[in-house]
Amino acid sequence: MRTRTTTATTGLALAALLVLAGCTASGDSRPAASSSVASVPAQSGGGSGFEGPRPQDQNLLAWTGDPNDAGHVTAQSSAGVGGRVTLVRIVLREQITWSNVWLGLAGIDPNAQLANCYLGVYDAKGTLVATTPDISPQLMTDAIAKPFALGKPFTAAPGTYFIALLLNGTWATNGLTLKSTGAGISVNAGLTPPNLRYSNLLTGQTSLPATVNLAEQSTSTINTGWASQWYAIS
């Protein structure tokens, strides 16, 4: 019985092999499974999945980050920040007409004495390409995210730019506050001058200089908490 069972089983296996061989020999033109999979067209680029918030979702052209992730950053003391040029790097990936710099003003000091306060834009060579008039009055009202108009809009080609902030006057350290990412000292991880993402330059300035030496970027103020301000462009 054991011998007969083995023989029958072997015979069935041989028959199955012959059937498969016959299909191949008969010129079956059906593609193999692997060919069928390979013939499926690749999905087009862009995808349809969620890619996170974009500046255009909020009628903006660019930003340093989603404002939903911005927290508070103290303006420190006027002695520590006043007269220093603070730079925040932003990379544009398409050409835009740049008309406004948006700043998140988190808190105001009604007793502040402000003068010679400006926002501006430097290109990658350190040349001032646009600036606002004195924004001191606007820093005294409406603690919200709001636009500050440049004196003259300009065409900004794709590339690296630095948004500059200059404050002067006196204010309560925890009164005048700006929105920031809360990244603190880690904002410049992996970077060195002249490519720091957040930095400060110079002292004793009452207006934004026509040029700055980006190789002189410092973190002396940034590393003490005055860092990662939130900005946007429109």
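Residues numbered from 1 in each chain as written. Predicted model: local features only at pLDDT ≥ 70, side-chain atom pairs only at ≥ 80, totals over all residues. Heavy atoms only, no water.

Asks: What's the story with the confidence of the model for the protein in this structure? I'm lost.
Replies: Close reading of the predicted structure is inappropriate where its pLDDT is low. Looking at the protein as a whole, its pLDDT mean stands at 83, while 79% of the residues score no less than 70. Across residues 1-46, where pLDDT falls below 50, the model places two contacts with residues more than four positions away in sequence or in other chains. (pLDDT = per-residue confidence, 0-100. Contact = heavy atoms within 4.5 Å.)

Asks: Teacher, can you tell me more about the side chain of T177 here?
Replies: Tracing the sequence through the fold places T177 in strand β11 (residues 177-180). Taking relative accessible area as the criterion, T177 reaches 10% and is therefore assigned buried. Residues within four places of T177 in sequence aside, it is in contact with H72, V73, T74, A75, G104, L105, A106 and G107. (Helix = DSSP H or I, 4+ residues; strand = E, 2+ residues; numbered from the N terminus. Buried < 20%, exposed > 50% of the residue type's maximum accessible area, 1.4 Å probe, protein only.)

Asks: How do you make sense of the sheet that holds strand β12 (residues 198-201) when you look at a structure like this?
Replies: Two pairing modes exist for strands in a sheet, parallel and antiparallel, and in both the strands are linked by backbone hydrogen bonds. Pairing within the open sheet is antiparallel, and its five strands lie in the order β7-β6-β9-β3-β12. Taken across any chain shown, the strands that pair with only one partner, and hence form the sheet edges, are β7 (128-131) and β12. Across the sheet, the axes of successive neighbouring strands diverge by a mean angle of 30°, strand direction being ignored. As paired elements, strand β3 (residues 85-92) and strand β9 (residues 159-166) share eight bridges and run antiparallel to each other. (Pairing = 2+ DSSP bridges. Axes fitted to C-alpha atoms, helices over the stretch in contact; angles between N-to-C directions.)

Asks: Honestly, the side chain of Q205 in this entry has me stumped. Any pointers?
Replies: With respect to the helices, strands and loops of the structure, Q205 is situated in the loop between β12 and β13 (231-233). Reaching out from Q205, the side chain makes a polar contact with the backbone oxygen of T203 at a distance of 3.1 Å. Beyond its immediate stretch of four places on either side in the chain, Q205 contacts G83, V85, L166 and N168. (Polar contact = N/O pair within 3.5 Å; in protein donor to acceptor, adjacent residues only side chain to side chain.)

Asks: Could you clarify how one ought to interpret the nonpolar core in this entry?
Replies: As a rule of thumb, soluble globular proteins bury nonpolar side chains together. Ranked by internal contacts, the top residues of the largest apolar core, which has 38 residues, are W98, L119, L165 and L167. Of all the secondary-structure elements, those providing two or more residues to this core are β3, β4 (96-107), β6 (118-123), β8 (145-156), β9 and β13. Excluding anything up to four places from it in sequence, W98 contacts I90, L92, V121, L150, P153, F154, A156, Y161, I163, I233 and S234. Y122, F162, A164 and V212 belong to the second largest nonpolar core, which has eleven residues in total. (Core = buried A, V, L, I, M, F, W, Y, C linked by side-chain atoms within 4.5 Å.)

Asks: Explain the packing of aromatic side chains here, please?
Replies: Each aromatic ring pair is characterised by the separation of its centres together with the angle its planes make. Under the defined criterion, the tally for this structure stands at three aromatic pairs. Ring geometry for W98 against Y161: centres 5.9 Å apart, planes inclined by 75°, an arrangement best described as edge-to-face. With W98 in strand β4 and Y161 in strand β9, this residue pair connects regions lying 63 residues apart in the sequence. Accessibility classification places W98 together with Y161 in one group, the buried group. These aromatic residues form a ring-pair network of at least three members: W98, F154 and Y161. (Phe/Tyr/Trp six-rings, centres within 6.5 Å; stacked < 30°, edge-to-face > 60°.)

Asks: Got a minute to help me understand the layout of surface pockets in this structure?
Replies: Remark: the empty space left among the atoms is shown by a probe the size of a water molecule rolled over them. In this structure, the largest pocket spans a volume of roughly 370 Å³. Together, 16 residues line the largest pocket, and A62, W63, V91, L92 and R93 are the ones closest to its centre. Of all elements in the fold, only β1 (62-63) and β3 reach the threshold of two or more residues within the lining of the largest pocket. Top element by residues in the lining of the largest pocket is β3. It accounts for four residues. (1 Å grid on protein atoms, 1.4 Å probe; cavity = no way out; pocket = protein on both sides within 12 Å on 5 of 7 lines; lining within 4 Å. Points joined across faces, edges and corners; volume = space filled by probe spheres on them.)

Asks: Got a minute to help me understand the environment of L87 in this structure?
Replies: Along the polypeptide, L87 turns up in strand β3. Given a relative accessible area of 0%, L87 falls into the buried group. Not counting the four nearest positions on each side in its chain, L87 is found in contact with Y122, F162, I163, A164, R197, Y198, S199, L201, L214 and Q217.

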